[in-house]
Amino acid sequence: MDNKIKIGLFGFGVVGQGIYKVLQNAKNAHAEISKICVRSLNKPRSVEAPAELFTTSAAEVLDDPQINLIVEVIDDAAASYKIVTEALRRGIPVVSGNKAMIARNLPELIELQKKYNVALLYDASSCGSIPVIRNLEEYYDNDLLLEVKGILNGSSNYILSRVFDHGEDYASALGRAQQLGFAESDPTFDIEGYDSLFKLIIITMHALGVYVAPEKIFTYGISTIHDSDIRYAREKRVKIKLVAQVAKVAPDKFTMFVMPEFVGPRKYIYSVDDEYNGVVIRGECYDRQFMFGKGAGSLPTASSILSDIMARRHDYRYEYKKMHYLDRPSYTTDITLRVYVRYKDTPIPELLPFSKIHEQYTSDESCFVIGDISLSQLMEHRQDINATDVFLANTMSFFQNLD
Ligand code: HSE
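Every value quoted in this text rests on a predicted model; they were computed, and no experiment measured them. (Residues numbered from 1 in each chain as written. Predicted model: local features only at pLDDT ≥ 70, side-chain atom pairs only at ≥ 80, totals over all residues. Heavy atoms only, no water.)

## So, the overall build of the protein chain
From N to C terminus, the protein chain includes 14 helices and 17 strands. Computed over its C-alpha atoms, the radius of gyration of the protein chain comes to 22 Å, within 12% of the 22 Å expected for a compact globule of 403 residues. Counting all 403 residues of the protein chain, 59% fall into the buried class. Considering only contacts within the protein chain whose residues lie at least 6 apart along the sequence, 74% involve residues at least 24 apart. For the protein chain, the exposed area adds up to about 17100 Å²; of that, 48% sits on carbon and sulfur atoms. Between the centroid of the 45 positive side chains of the protein chain and the centroid of its 53 negative side chains there is a distance of 4 Å. (Helix = DSSP H or I, 4+ residues; strand = E, 2+ residues; numbered from the N terminus. Rg over C-alpha atoms; globule rule 2.2 N^0.38 Å. Buried < 20%, exposed > 50% of the residue type's maximum accessible area, 1.4 Å probe, protein only. Contact = heavy atoms within 4.5 Å. Areas by Shrake-Rupley, 256 points an atom, 1.4 Å probe, with all protein chains shown as cover. Lys, Arg positive; Asp, Glu negative; His and termini not counted. Charge placed at Lys NZ, Arg CZ, Asp CG, Glu CD.)

Structural data, given as structure tokens:
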């Protein structure tokens, strides 16, 4: 790579503008933006950049021989896939923040990096400013890791915090998460758990060296949460958080899922509020470690992109070493969870095959059941639990002490 990093930037939305600002302050980065490719030249933007930097032609950026790094932060996964794969095929290294595109195409993206001997870095795709991926890749490069669990989505956490701690209603909290630039352009990705899911898939690749496709993973969000769930959680002195986790459940098996969870005050993630993310890493020998930081927003995400830009100065690339371990664990949904399911009209106790029921409550307004059920049964009954009168939350930790 030349001495100076010359960036072709794709996308000038919340994160793209953040990168522009961060680079202006990072004089020692020796990196500059040479071109910015956007969909529309006339869209009003709060950060001003010289007009000559802008183009609507992807080819103009990819063909520019001066440009030695592509930074891609657009929110259209299909367009992102085209740009990133084309750049890699041309041997141009890429920094991307597009978790949906990366999570859906990771095996192919790893192959392209190998085939064209080129790097794709994406620490910004997971947990905004928290350096999760590079730490999993480098520091945790051994098989002591047992679990990575946390709050990976800033918008849903922001909404839950506003509703829980400030008594705001759900819709206005969501509107504010959008205004503040935390939410995706389609916020259902945030509140239905898909954004957390994509991040979890990427994290799992770097934690265990295994790729699991999105459709194989149980994902449940917070859109059906109701006052009665919040009341119940308050009575029990717990908070409801949207939690993503990957955990080893036997020496050769691991499971992963995204769902709301009742989190007690002794847990690290209990105090992770607003748009912050928190990740607990658990392993043999060192028990637990906790990473905390801003998981969404223009400048926190841009700071992570800057870190990847700087990593390219040292020719850094992910090696995916764990993929080549001989004893990679295999994925299972054959585990039992203890879940709270609140419902009104959908006859949950009749529909879900609980192996044991611990608590049940019925009233005209709403009913709930707390029972043991396997993750594979929850996946089979997705349609029932996705009914609008139903809300589900995990009540169980694999590791019962603090996490
Ligand atoms: N919509 C995402 C979030 C942005 O709220 O966490 C950061 O990935």
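## Remarks on the sheet that holds strand 3 (residues 54–55)
Within the open sheet, the 6 strands sit side by side as 3-2-1-4-5-6. Their pairing is parallel. Only two strands of the sheet have a single neighbouring strand rather than two, namely strand 3 and strand 6 (120–121). Two elements, strand 1 (residues 5–10) and strand 4 (residues 69–72), share 4 bridges in a ladder whose sense is parallel. Residue pairing across strands places Ile-7 opposite Leu-69, the latter belonging to strand 4. Strand contacts of helix 3 (residues 77–89): strand 1, strand 4, strand 5 (94–96) and strand 6, with the helix running at about 165° to strand 4, the strand carrying the most contacts. (Pairing = 2+ DSSP bridges. Axes fitted to C-alpha atoms, helices over the stretch in contact; angles between N-to-C directions.)

## Some points on the site of the ligand
Neighbouring the ligand are the residues Lys-99, Asn-153, Gly-154, Ser-155, Phe-182, Ala-183, Glu-184, Asp-190, Asp-195, Lys-199, Gly-295 and Ala-296. Contacts to the ligand include Lys-99, whose side-chain N or O atom sits 2.7 Å from an oxygen atom. Interatomic distance of 2.7 Å between a backbone N/O atom of Phe-182 and a nitrogen atom of the ligand. Protein chains shield 93% of the accessible area of the ligand, which is 260 Å² for the free molecule. (Near = heavy atom within 4 Å. Polar contact = N/O pair within 3.5 Å; in protein donor to acceptor, adjacent residues only side chain to side chain.)

## What about a nonpolar patch on the surface?
Together, Tyr-268, Phe-290 and Phe-292 give the surface a local cluster of nonpolar side chains, amounting to about 270 Å² of exposed area. By the secondary structure assignment, Tyr-268 is in the loop between strand 10 (253–263) and strand 11 (276–283). (Patch = residues over 30% accessible without salt bridge, like charges linked within 9 Å, V, L, I, M, F, W, Y side chains within 5 Å. Salt bridge = Lys/Arg side-chain N within 4 Å of Asp/Glu carboxyl O.)

## So, the environment of Ile-33
Summarising the element assignment, Ile-33 is placed in strand 2 (residues 31–37). Residue classification places Ile-33 among the buried positions, given a relative accessible area of 11%. Put simply, Ile-33 and Val-71 are 38 residues apart on the chain and 9.4 Å apart in space, counted from C-alpha to C-alpha. For Ile-33, the contacting residues outside a window of four places in its chain are Ile-7, Leu-9, Ile-19, Tyr-20, Leu-23 and Leu-53.

## Notes on the pairing of strand 10
In terms of burial, strand 10 is a largely internal element, 10 of the 11 residues being buried. In this sheet, strand 10 lies alongside strand 9 (residues 239–250) in antiparallel orientation, the contact comprising 11 bridges. From the neighbouring strand, Ala-244 faces strand 10, where its bridge partner is Val-258. Counting the residues in the hairpin turn of strand 9 and strand 10 gives 2 residues. Relative to strand 13 (residues 330–331), strand 10 is paired through 2 bridges, and the arrangement is parallel. Note that in strand 13 the partner of Lys-253 across the bridge is Ser-330.

## Some remarks on the packing of aromatic side chains
Summed over all chains, the structure comprises 21 aromatic pairs. Aromatic side chains Tyr-140 and Tyr-286 sit 5.9 Å apart centroid to centroid with 55° between the ring planes, which places their arrangement in the tilted category. Residue Tyr-140 is found in the loop between helix 5 (132–138) and strand 7 (145–151), and its partner Tyr-286 is found in the loop between strand 11 and strand 12 (287–294); the two are separated by 146 residues along the sequence. The rings of Tyr-232, Phe-262, Tyr-340, Tyr-361 and Phe-368 are connected pair by pair, giving a single aromatic cluster. Across from the ring centre of Tyr-316, 5.5 Å away, lies the NZ or CZ of Arg-134, which sits over that ring. Here Lys-239 stacks its cationic end above the ring of Tyr-270, 4.4 Å away from the centre of that ring. (Phe/Tyr/Trp six-rings, centres within 6.5 Å; stacked < 30°, edge-to-face > 60°. Lys NZ or Arg CZ within 6 Å of the ring centre and 35° of its normal.)

## Here we look at the packing of helix 4 (residues 99–115) against helix 9 (residues 194–208)
Taken N-terminus to C-terminus, the directions of helix 4 and helix 9 make an angle of 30°; their axes are 7 Å apart at the nearest point. When the axes of helix 4 and helix 9 are compared, the pair comes out roughly parallel. Regarding helix 4 and helix 9, the two cross each other, and that crossing is left-handed. Packed against helix 4, whose contacting residues are Lys-99, Ala-100, Ile-102, Ala-103, Arg-104, Leu-106 and Ile-110, the element helix 9 presents Asp-195, Phe-198, Lys-199, Ile-201, Ile-202 and Met-205 at the interface. Taken together, the residues of the contact of helix 4 with helix 9 sort by class into 9 nonpolar, no polar and 4 charged. (Parallel < 35°, antiparallel > 145°, perpendicular 65-115°, else oblique. Left-handed = near helix turned anticlockwise from the far one by under 90°. Nonpolar A, V, L, I, M, F, W, Y, C, P; charged D, E, K, R; others polar.)

## Quick notes on the packing of helix 6 (residues 154–166) against helix 7 (residues 170–179)
Two numbers describe how helix 6 lies on helix 7: the axes approach to 9 Å, and their chain directions differ by 140°. Put simply, helix 6 runs oblique to helix 7. Where helix 6 crosses over helix 7, the handedness of that crossing is right-handed. For the pair helix 6 and helix 7, the contacting residues are Ser-155, Tyr-158, Ile-159, Arg-162 and Val-163 in the first and Tyr-170, Ala-173, Leu-174, Arg-176 and Ala-177 in the second.

## Brief notes about the pattern of salt bridges
By the definition in use, this model includes 26 salt bridges. Glu-111 is the partner of Lys-114 in a salt bridge, and the nearest nitrogen-oxygen pair spans 3.7 Å. Of the two residues, Lys-114 and Glu-111 are both situated in helix 4; the distance of 3 residues between them amounts to about one turn of the helix. Where salt bridges share partners, they join Lys-99, Glu-184, Asp-195 and Lys-199 into one cluster.

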